[in-house]
Amino acid sequence: IFENKDFSDFKDFICKNIEAVLSDATNKKQFEMISSWFQTYSKNQFHDFHAHGTHENYYSCIYYVNAGDKSANTVFAFPGYPYIEINKTFHILSKTGKMVLFPSYIPHYVEPNQDTSRVIFSCNIHAI
């Protein structure tokens, strides 16, 4: 996605925000982009439990491009799920303009979307 020149301003915005969060949370100042994509959810669509990797210093990002009041939440579980089950999850409310950065090994899913459209930008990075 970021190789496309039409997205250069968006790329600058995303990278600036990732750098700020990484610096505050991990003391890492640089990163390399591993992969990136947009994902659109129609009404009742969801994404089952998954994680993006297990490597050290790998992080995943969700940026909510378009999320209305009925847009699905992103739900995080504790690392190790489902092998280590702790019955506590964290619900992140979808809100246009919100960015979430998290270690790639944390399992998460998207609840069934109740809005007509939900659009996110996601990426995986390696902090260096």
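See the structure above.
Residues numbered from 1 in each chain as written. Predicted model: local features only at pLDDT ≥ 70, side-chain atom pairs only at ≥ 80, totals over all residues. Heavy atoms only, no water.

(A) Fine view of the packing of aromatic side chains. Taken as a whole and assessed by the stated rule, the structure comprises nine aromatic pairs. Between F76 and F102, the ring centres sit 4.7 Å apart and the planes meet at 70°, which makes this aromatic pair edge-to-face. You can see F76 sitting in strand β4 (residues 74-76) and its partner F102 sitting in strand β6 (residues 99-103), a full 26 residues away along the chain. What makes F76 buried here is its relative accessible area of 7%. Given a relative accessible area of 5%, F102 falls into the buried group. Chaining the aromatic ring pairs together yields one cluster made of F7, F10, F13, F38, Y63 and F121. The ring of Y41 carries the charged tip of R118 above its face, separated from the ring centre by 4.8 Å. (Phe/Tyr/Trp six-rings, centres within 6.5 Å; stacked < 30°, edge-to-face > 60°. Helix = DSSP H or I, 4+ residues; strand = E, 2+ residues; numbered from the N terminus. Buried < 20%, exposed > 50% of the residue type's maximum accessible area, 1.4 Å probe, protein only. Lys NZ or Arg CZ within 6 Å of the ring centre and 35° of its normal.)

(B) Broad picture of the pairing of strand β3 (residues 58-67). Counting buried positions along β3 yields seven of ten residues, so the element is predominantly enclosed. Taken together, the nine bridges between β3 and strand β8 (residues 118-127) define a ladder with antiparallel strand orientation. When the sheet's bridge partners are listed, Y64 is paired in β8 with I120. (Pairing = 2+ DSSP bridges.)

(C) Spotlight on the nonpolar core. Grouped together as the largest cluster of nonpolar side chains are 14 residues, with contacts concentrated most on I14, I18, L22, F121 and I125. At the level of secondary structure, the elements contributing two or more residues to this core comprise α1 (8-26), β3 and β8. The dominant element in this core, judged by the number of residues it contributes, is α1, at five residues. The contacts of L22, once residues within four sequence positions are left out, are N27, K28, Q30, F31, Y59, L101, I125 and A127. (Core = buried A, V, L, I, M, F, W, Y, C linked by side-chain atoms within 4.5 Å. Contact = heavy atoms within 4.5 Å.)

(D) Highlighting the state of the cysteines. Evaluated as defined, the whole model comprises zero disulfides. With no disulfide of its own, C61 has C123 as its nearest cysteine by sulfur position, at a separation of 4.3 Å. Classification of C61 by relative accessible area gives buried; the value is 1%. Among the residues examined, C123 registers a relative accessible area of 1% and is labelled buried. (Disulfide = S-S within 2.5 Å.)

(E) Spotlight on the environment of E19. As for its placement among the helices and strands, E19 is situated in helix α1. E19 gets classed as partly exposed once you look at its relative accessible area, which sits at 40%. Separated by 108 residues in the primary sequence, E19 and A127 place their C-alpha atoms 9.3 Å from one another. Not counting residues within four places of it along the chain, the set of residues in contact with E19 comprises K29 and F31.

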